[in-house]
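The chain contents come next:
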Amino acid sequence: LRPSGGSRPGTRAMGAQPMDLDESDLLFEEDILRNAYSLKYWWRYMEAKKRSPARQRNLIAERALKYLPGCYKIWHAYLADRRAQCKAKEPGHPAHARLNAVYERALVYMHKMPRIWLDYLEILAAQHAHTTTRRAFDRALRALPVTQHERIWKLYLPYAKASPVPEAAVRIYKRYLQFDSDAVEEYIDYLMQIGRVSEAALKLAEVLNREGFVSLRGKSRHKLWMELCDLVTKHPDKVGSLRVEAILRSGLKAFTDEAGHLWCALADYFIRQALFEQARDVYEEGLASLLTVRDFSMVFDAYSQFEESLITALIERQAQQQAAAELAAAESGGASAEASKAAAATTLELDMRLERLERLMERRPELLSSVLLRQNPHSVHEWLKRASLFEASPAKAIQTYAAAVKTVDPRRAVGRPSALWLGFAKFYESHGDLKNARAILRKATLVPYKSVDELASIWMGWSEMELRHKKYPEALAVLAEATAVPPASRRAKEKEGPVQDRLYKFTKLWAFYADLQESLAGFEPTRVTYDKMIELRIVTPQLVLNYAAFLEEHKHFELAFQAYEKGVALFKYPHALPLWLSYLTKFTARFGGAKLERGRDLFEQALDGCPVESVHQLYLLYAKFEEAHGLARNAMAVYDRAAGAVALEKRASVYQLYIAKAAEYFGVTKTRDIYEAAIGALPSSEAPSFCLRYANLERKLGEIDRARAIYMHGAQEVDPAVAAGSADGESPYWKAWHDFEVSHGNEDTFREMLRLKRTVRASFADRAIVLPGNEAGGTKRPREEEAGADSMARLEAEATDAAGGGFVSGGAVGGWEGGAA
């Protein structure tokens, strides 16, 4: 319907045609007439007309914007409506141009609103109008504040990547790096994507030169270096603007853990440029400077593969030349001189490269040894292994030994530096040059070793070399020089001085010297050497025993005993024990009873201070000496002292021997005191066995009451419930007492035995209750105690009834044993 009263103010907008209105619109129009500059009434009107035709909605929005051109809310709703209207239009439709015009009008007022710009840029990007879109992006960046640029660049960069003109994208990225310099990695990736390797390498090098650069992708400086190295080596023809070799060598200095990879990359750079000789020089330089076996294996494998690839290429070229020569010969009837000359050159080059590869493989152990020695130049083991590689080349072996002894610092050496000097001398010895071997060993004796042991090994090795060549006087002279005592001025500073000043106190060297003199020099020089060792207080108990044996072998027994005396004066227990045992044994064997008092004095001296763990050996030897050469009474006194002095675990065996000897010399009746002393001195685990023996003795002597008293005494420590090896489940001790009472007892004694047995069983039961594992049951309530007492009385009554009437005078009837059980 058209309004009947003609046109009203506000019904035409910016040259638009009259709008068709209905009755419901009149209220909105009247409000607008009264409040044309109020957003509320225009917004209400626009919301009411949402379902109206697009033309009507557009006219209302245009009319509203005429009065309110700076209202973001109306512009945003209007533009969203116009975008929805163009959504279904095909590309190139005039509606898109009209939409762009509306956005341009909106940006006149809304140029500071990023949302308007973003929507507009998305529309332009979808229309593929590249120049218009690029200019719009640039206008947006100029219009918006810098704090809003990040939102524009999120659209601009994907658009630039998709642009068909890479140069435009590169320039856009350069502008973006001015805004965010940390996004350089994304720029480098794009340059690699479009094939601009040179620019990517330059940019990556620039990044590495920035000290404070932090990768947004979490890459370390090491990782970026590796990427640059891979980039420049894989594209050598595209990175002419960079000094690739200088870059890689600076990386070798900065990242030593990647030395193998970087050396291979540098060689690969030259290989890709067909500079094979320079690549070979790089491989050789790398092998001569690497520090780890891992890097060495990497470079060596790459080097060998490089040589093999060259050989393969030459073989293929040779085959091609042969095929061409055969074809030419078939056509012309003979081979040309040029073809023959080229084939000969190829063959010569192939032989040279094969020889080079073979030489490289032969050098591998030597090169690997160099790597290990660069890791630790003070490794003695590696130097010896390196010298063993040149067994076929004496000059190289001598050169290696000379470098080793010059390089290895004895204070920092890993291993024994003396082994290097001995190996060096032995090499000369194996080639028959004893003069130079002696010169090497003479120099070795002047080296400041860490320990005296190493210096002594040099002197002993020198002496052994002379012995191998039957130079016996020279061998003795070497050891005499080594063991010479330095002057007092040097001895006063031997703790701070070199090891050469402490050599004269090294026991191993003196022992070797003594053995050699014993074999070669005779009695007197050997005796002097041993005495000198004792004087210097550097002997060991074994050396004293050897010295004494040596003197006895030459029939100098008193000198041997003097050697023992000196030895036991030097050492304390337990080291002196083997000396005393040997001394006392040899003395008793030599003199027997001729020097009885002297022997007794020696035994007393030996016993003084001897630990209880070893004293039983001396006491037994002392007792045997008294038995063989002294008085039996004295022997018994020694056994008595031994029983109280030895360790607890040896006491039982000593008492057994003591009892046996007493019975042998004085009769069995004299053993009663010994048995009683043993029972009182031994622990409860061993005393019952002596009680059984003692009771058996009294039984044989007819002392029944004494035997019974002994059984009763020993029974206090024997648990009747413990069946140790008994077939019927009863303790052997109680079984023996049972048999004794059966044979010699009566009703009263048997009842007394049973009563004591119950008492002992109850006593052991109480002990078991208070053990740590049974502490919870250690306290009984009164009723439980009464029940226990009743049980005990009942058991006693049953036993009494069972035993009653079973005895006759002097023996037992058949049913008695069952009652006792």
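Basis of the calculations
Residues numbered from 1 in each chain as written. Predicted model: local features only at pLDDT ≥ 70, side-chain atom pairs only at ≥ 80, totals over all residues. Heavy atoms only, no water. Helix = DSSP H or I, 4+ residues; strand = E, 2+ residues; numbered from the N terminus. Buried < 20%, exposed > 50% of the residue type's maximum accessible area, 1.4 Å probe, protein only. Contact = heavy atoms within 4.5 Å. Areas by Shrake-Rupley, 256 points an atom, 1.4 Å probe, with all protein chains shown as cover. Axes fitted to C-alpha atoms, helices over the stretch in contact; angles between N-to-C directions. Parallel < 35°, antiparallel > 145°, perpendicular 65-115°, else oblique. Left-handed = near helix turned anticlockwise from the far one by under 90°. Nonpolar A, V, L, I, M, F, W, Y, C, P; charged D, E, K, R; others polar. Expected span 1.5 Å × (residues − 1). pLDDT = per-residue confidence, 0-100. Salt bridge = Lys/Arg side-chain N within 4 Å of Asp/Glu carboxyl O. Phe/Tyr/Trp six-rings, centres within 6.5 Å; stacked < 30°, edge-to-face > 60°. Lys NZ or Arg CZ within 6 Å of the ring centre and 35° of its normal. Core = buried A, V, L, I, M, F, W, Y, C linked by side-chain atoms within 4.5 Å.

Q: Which parts of the structure should I look at to understand the overall build of the protein?
A: Broken down by element type, the protein carries 40 helices and two strands. When each of the 821 residues of the protein is scored for burial, the buried share is 42%. Counting only contacts in the protein whose residues sit at least 6 apart along the sequence, the fraction spanning at least 24 positions is 55%. Summed over all atoms, the accessible surface of the protein reaches about 43,500 Å², with 54% contributed by carbon and sulfur.

Q: Please clarify how the packing of helix α25 (residues 507–520) against helix α26 (residues 523–536) should be interpreted in this entry.
A: What describes two packed helices is the angle between their axes and the distance between those same axes. Close contact between α25 and α26 brings their axes to 8 Å; oriented N to C, the two are set at 165°. One finds that α25 runs roughly antiparallel with respect to α26. Remark: the crossing between α25 and α26 carries left-handed chirality. In this structure, α25 uses Trp-510, Ala-511, Tyr-513, Ala-514, Asp-515, Gln-517 and Glu-518 to contact α26, whose residues at the interface are Pro-525, Thr-526, Thr-529, Tyr-530, Lys-532, Met-533 and Leu-536. Here the residues of the contact of α25 with α26 sort into eight nonpolar, three polar and three charged.

Q: Help me out: how do you make sense of helix α3 (residues 54–67) in this one?
A: Side chains of residues three or four places apart in an α-helix project in the same direction, reflecting 3.6 residues per turn. Here α3 spans 20 Å end to end across 14 residues, near enough to the 20 Å set by a 1.5 Å rise per residue. Within α3, ten of the 14 residues are buried, leaving the element largely enclosed by the surrounding structure. Burial in α3 covers these residues: Gln-56, Arg-57, Asn-58, Leu-59, Ile-60, Ala-61, Glu-62, Arg-63, Ala-64 and Leu-65. On its buried face, α3 sits against α1 (25–34), α2 (39–48), α4 (72–86) and α5 (94–110).

Q: Help me out: how do you make sense of the confidence of the model for the protein in this one?
A: The predicted coordinates ought not to be read in detail in places where the model reports low pLDDT. Residues with a pLDDT of 70 or more make up 88% of the protein, whose mean pLDDT is 82. Within the protein, no element has a lower average pLDDT than helix α40 (residues 816–820), which sits at 29, and none a higher one than helix α21 (residues 434–444), at 93. Confidence over residues 773–793 falls short of pLDDT 50; this stretch has nine contacts with residues more than four positions distant or in other chains. Under a pLDDT of 50 for its full length, residues 798–821 has, in the predicted model, 26 contacts with residues more than four places off or in other chains.

Q: Is there a simple way to think about the pattern of salt bridges in this case?
A: Close approach of charged atoms lets side chains of opposite charge pair. Tallying each qualifying case throughout the model produces 48 salt bridges. In this structure, Lys-661 engages Glu-627 in a salt bridge whose closest nitrogen and oxygen atoms are separated by 3.3 Å. Here the residue Lys-661 occupies a position in helix α33 (residues 648–666), and Glu-627 occupies one in helix α31 (residues 615–629), the gap between them amounting to 34 residues. A residue is classified by how much of its surface remains accessible, and Lys-661, at 18% relative accessible area, is buried. Overall, Glu-627 belongs to the partly exposed group, its relative accessible area being 21%.

Q: Sorry, what's going on with the packing of aromatic side chains here?
A: Here the structure, examined in full by the defined rule, presents 43 aromatic pairs. Ring centres of Tyr-37 and Tyr-67 lie 5.2 Å apart, and the angle between their planes is 85°; this geometry places the pair in the edge-to-face category. One end of the pair, Tyr-37, is in the loop between α1 and α2; the other, Tyr-67, is in helix α3, and 30 residues separate them in sequence. For Tyr-67, a relative accessible area of 25% translates into the label partly exposed. Between Trp-580 and Tyr-583 the ring centres are 6.0 Å apart and the planes differ by 25°, which places this aromatic pair in the stacked class. Placement of both Trp-580 and Tyr-583 in helix α29 (residues 577–591) is noted, with a separation of three residues, approximately one turn of the helix. In textbook terms, an aromatic cluster arises when at least three aromatic residues are bridged by ring pairs, as seen for Phe-137, Trp-153, Tyr-156, Tyr-159, Tyr-176 and Phe-179. When the ring centre of Trp-43 is taken as origin, the NZ or CZ atom of Lys-73, which lies over that ring, is 4.5 Å away. When the ring centre of Phe-690 is taken as reference, the NZ or CZ atom of Arg-693 above it lies at 5.5 Å.

Q: Sorry, what's going on with the nonpolar core here?
A: If you look at soluble globular proteins, the nonpolar side chains tend to sit buried side by side. Leu-503, Leu-509, Trp-580, Leu-618 and Phe-690 are the most contacted members of the largest nonpolar core, which totals 128 residues. Counting 103 residues, the second-largest nonpolar core is a separate cluster that includes Phe-28, Leu-118, Val-282 and Leu-314.

Q: How do you make sense of unusual backbone geometry when you look at a structure like this?
A: Leave glycine aside and you will find that most residues have negative phi; peptide bonds, for their part, are mostly trans. The linkage connecting Tyr-573 with the following residue, Pro-574, adopts the cis geometry, with an omega of 5°. By secondary structure assignment, the location of Pro-574 is in the loop between α28 (557–570) and α29. The phi angle at Ala-274 is positive, at roughly 65°, despite the residue not being glycine. Turning to its location among the elements, Ala-274 is positioned in the loop between α14 (259–272) and α15 (276–287).

Q: When you look at the packing of helix α30 (residues 596–607) against α31 in this model, what are you seeing that I'm missing?
A: In the contact formed by α30 and α31, the axes pass within 10 Å of each other and the chain directions differ by 165°. Between α30 and α31, the angle falls in the class roughly antiparallel. Where α30 crosses over α31, the two elements pack in a sense that is left-handed. Residues Leu-596, Gly-599, Arg-600, Phe-603, Glu-604, Ala-606 and Leu-607 of α30 pack against Val-615, Leu-618, Tyr-619, Leu-621, Tyr-622, Phe-625, Glu-626 and His-629 of α31. Per-class residue counts for the contact of α30 with α31 are ten nonpolar, two polar and three charged.

Q: Explanation requested: the side chain of Glu-552 in the structure shown.
A: Secondary-structure assignment places Glu-552 in helix α27 (residues 541–553). Assessed through its relative accessible area of 16%, Glu-552 is described here as buried. Setting aside its immediate chain neighbours within four residues, Glu-552 contacts Phe-557, Ala-560, Tyr-564 and Lys-586.

Q: Whenever I open this one, helix α35 (residues 687–700) confuses me. Can you help?
A: When the terminal C-alpha atoms of α35 are compared, their 20 Å separation across 14 residues agrees well with the 20 Å that a helix rising 1.5 Å per residue should span. The complete set of buried residues in α35 reads Ala-687, Pro-688, Phe-690, Cys-691, Tyr-694, Ala-695, Leu-697 and Glu-698. Where α35 is buried, its residues meet α33, α34 (672–681), α36 (704–714) and α37 (732–744). Following α35 by one or two positions, Gly-702 adopts a phi angle in the positive range, close to 85°.

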